[in-house]
Amino acid sequence: MHFTDKYYFLNSQLFRIASTALYITSRAIMYSNRRCMFIIARNITTQPVRTIVSVNSCNVITENVGVKAGPDFKTFFRTHTPSELISPWHNIPLIDSGTKFSNEKVYNFVCEIPALTRAKMEIATKEQFNPMKQDLTKSGMLRDYHGPIFWNYGFLPQTWENPTCGIGGGDRYCGDNDPIDVVEVGGRIAEYNSISPVIVLGALGLIDGGEIDWKMIAINVNDDLVTKHHVTDIASLCQHSPY
């Protein structure tokens, strides 16, 4: 074999070896990346992220479990000491007795959907401990609003719209079997799953699918509209925030 032929043969063999090594290395890297991504995804899914919110000077821990913006994402509530799961609907008090505001009753408002967001988060009324999660469409897709809402939305704990008793005691327009909804119209953007002291300014009754669906119009007692402009009812709200 000629020297140049030997040189070419050697180079081709080296090229094949290098190509094989590169292929094996790339497959190993891909496998490693897949394994790392699996481990990261598994950790995100199984390890709860905890935050603490204050209710009547008592700490309540919220735990986010699952991948956020995923179908299995849920937020659970539990007591701080001892650490026990609770229902944000049944175990958080309706009245915030620790906050004083003139002669008005102050209520605890649990925020499901912060202002300027689109994900339709809601309390799971039929699940144990009533965690919060994103609503699903009939096709099983995550439900979003068409655009961001301009208020904080949530509910009043320990309230219930009776599905067996309609307006005036009749059987028409009965309740929807959910806690009473709250539209919090202050200038602050509440955090998801936060609990805030609010006063009720008014109420709006909607008919949805033949059921009455009450919306309490409320505002955080620490909002500038309350502390600086003394908004305490719908009339004063319209005066200082007409839009």
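Each remark here, short or long, concerns the structure printed above.
What comes next concerns the included structure. The structure displayed is predicted, hence computed values, not measured ones. (Residues numbered from 1 in each chain as written. Predicted model: local features only at pLDDT ≥ 70, side-chain atom pairs only at ≥ 80, totals over all residues. Heavy atoms only, no water.)

## Comments concerning the overall build of the chain
Then comes step 1: Looking only at helices and strands, one finds three helices and 11 strands in the chain.
Then comes step 2: Moving toward the C terminus, one meets the helices and strands of the chain in the order α-β-β-β-β-β-β-β-β-β-β-β-α-α.
Then comes step 3: Here the contacts in the chain between residues at least 6 apart in sequence split such that 56% fall between residues at least 24 apart.
Then comes step 4: Carbon and sulfur atoms provide 58% of the accessible area of the chain, an area that totals close to 15300 Å². (Helix = DSSP H or I, 4+ residues; strand = E, 2+ residues; numbered from the N terminus. Contact = heavy atoms within 4.5 Å. Areas by Shrake-Rupley, 256 points an atom, 1.4 Å probe, with all protein chains shown as cover.)

## Points about the sheet that holds strand β9 (residues 181-184)
Then comes step 1: Taking strand neighbours around the barrel as the criterion, the five strands line up as β5-β8-β9-β11-β10 in a closed arrangement whose pairing is mixed. This sheet shows a mean twist of 45 degrees between the axes of neighbouring strands, independent of strand direction.
Then comes step 2: Of the pairings in the sheet, the one linking strand β5 (residues 107-113) to strand β10 (residues 195-208) comprises four bridges and is antiparallel in character. Each residue of the ladder has a partner; that of asparagine 108, found in β10, is proline 197. (Pairing = 2+ DSSP bridges. Axes fitted to C-alpha atoms, helices over the stretch in contact; angles between N-to-C directions.)

## Let's talk about the environment of serine 97
Then comes step 1: Within the secondary structure layout, serine 97 lies in the loop between β4 (85-86) and β5.
Then comes step 2: Exposure remark for serine 97: the relative accessible area of 48% places this residue in the partly exposed category.
Then comes step 3: Serine 97 sits 100 residues away from proline 197 along the chain, and the two C-alpha atoms are 9.6 Å apart. (Buried < 20%, exposed > 50% of the residue type's maximum accessible area, 1.4 Å probe, protein only.)

## With respect to the pattern of salt bridges
Pairing between side chains of opposite charge can happen when their charged atoms approach one another.
Then comes step 1: Under the defined criterion, the tally for this structure stands at seven salt bridges.
Then comes step 2: In this structure, the salt-bridge partner of aspartate 181 is lysine 215, at a minimum N-O distance of 2.9 Å. Of this pair, aspartate 181 sits in strand β9 while lysine 215 is found in strand β11 (residues 211-220), placing the two residues 34 residues apart along the sequence. Accessibility classification places aspartate 181 together with lysine 215 in one group, the buried group.
Then comes step 3: For the salt bridge of lysine 215 with aspartate 213, the shortest nitrogen-to-oxygen distance reads 3.0 Å. Of the two residues, lysine 215 and aspartate 213, neither departs from the other in class, the shared state being buried.
Then comes step 4: The structure contains a network of salt bridges with shared partners spanning Lys74, Glu127 and Lys133. (Salt bridge = Lys/Arg side-chain N within 4 Å of Asp/Glu carboxyl O.)

## Side note on the pairing of β9
Then comes step 1: Residues Asp181 and Val183 point to one face of β9 and Val182 and Glu184 to the other, with burial holding for every one of them.
Then comes step 2: When strand β8 (residues 152-155) meets β9, the two strands line up antiparallel, connected through four bridges. Of the residues in β9, the one forming a bridge with tyrosine 153 is valine 183.
Then comes step 3: Bridge count for β9 against β11 is four bridges, and the pairing is parallel. When the sheet's bridge partners are listed, valine 183 is paired in β11 with isoleucine 217.

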